[in-house]
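This is what each chain is made of:
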Amino acid sequence: MSKNIRINGLQHVGIPVRDLTVSREFYQRLGFEVVMVAPFVHRGETGSCCMMRRENIMIELYRMPELELAAIRARKDGHIDHVAFDVPDIGETFSVLKSAGFHIIEPEPVFLAFWKNGCKYFNITGPDGERLEFNQIL
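## Examining the pairing of strand E4 (residues 57-63)
Burial within E4 is extensive, with five of its seven residues counted as buried. As paired strands, strand E1 (residues 9-16) and E4 are joined by four bridges and run parallel to one another. Across the sheet, residue Ile15 finds its bridge partner in E4, namely Leu61. With seven bridges joining them, strand E3 (residues 45-54) and E4 adopt antiparallel strand pairing. Among the inter-strand pairings, Met51 is bridged to a residue of E4, identified as Glu60. Turn length for the E3-E4 hairpin, with the two strands adjacent in sequence and antiparallel, is two residues, and the turn residue Glu55 shows positive phi of about 50 degrees.

## Details of helix H1 (residues 20-29)
Of all the residues in H1, the buried ones are Leu20, Ser23 and Tyr27. Down the axis of H1, the smallest arc covering the buried residues is 70 degrees, so these residues share one side. Exposed residues on H1 whose side chains face more than 90 degrees from its buried face are Val22 and Arg29. Where H1 is buried, its residues meet E1, E3 and E4. A positive phi of about 95 degrees marks Gly31, the residue just after H1.

## Some words on the sheet that holds strand E8 (residues 131-137)
As summarised here, the arrangement of the eight strands in space is E2-E3-E4-E1-E5-E8-E7-E6, forming an open sheet in which the pairing is mixed. Looking at which strands have only one partner, the edges of the open sheet turn out to be strand E2 (33-42) and strand E6 (110-112). Taken over all neighbouring pairs, the strand axes of this sheet differ in orientation by 30 degrees on average, direction set aside. Relative to E8, strand E5 (residues 82-86) is paired through five bridges, and the arrangement is parallel. Bridging from a neighbouring strand, His82 pairs with Arg131 of E8. In this fold helix H3 (residues 90-99) packs onto strand E7 (119-125) and E8, with an angle of close to 15 degrees to the strand it touches most, E7.

## Things to note about unusual backbone geometry
One non-glycine residue, Arg43, adopts positive backbone phi at about 55 degrees. Following the sequence through the fold, Arg43 ends up in the loop between E2 and E3. Judged by relative accessible area, which is 68%, Arg43 ranks as exposed. For Trp115, which is not glycine, the phi torsion reads 60 degrees and is therefore positive. Relative to the elements of secondary structure, Trp115 occurs in the loop between E6 and E7. Relative accessible area serves as the criterion here: at 23%, Trp115 is assigned to the partly exposed category.

Cut-offs and rules
Residues numbered from 1 in each chain as written. Predicted model: local features only at pLDDT ≥ 70, side-chain atom pairs only at ≥ 80, totals over all residues. Heavy atoms only, no water. Buried < 20%, exposed > 50% of the residue type's maximum accessible area, 1.4 Å probe, protein only. Helix = DSSP H or I, 4+ residues; strand = E, 2+ residues; numbered from the N terminus. Pairing = 2+ DSSP bridges. Arc of directions from axis to C-beta. Contact = heavy atoms within 4.5 Å. Axes fitted to C-alpha atoms, helices over the stretch in contact; angles between N-to-C directions.

Encoded structure:
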């Protein structure tokens, strides 16, 4: 049991999208505002990320690089890719979960050049393959 891991709250819900512009406009119609846009690299290709906020709700819309889009386009239904928890200390959280025997996907927290000073994250998998992300905005 890892009750001693500190979680501030739900940070965001990640949604892979086919067309970032169309999805961004859809969520803007629901009252969400764009709070960050940034590229990311996945398997040597560049994708795009857009964080959107409405009051205390944050969603991450992201478009995978071209090579990965075929799988997204082939889906019949949309899906939520991951749920991210906001944590105050990514290194401590990683150590606690690793020591507790959770299946951690990444070998160490990953840095992304998101937000003003970046962020670090890692994922664990749940019993049905769901991804739970732990994220610290630096």
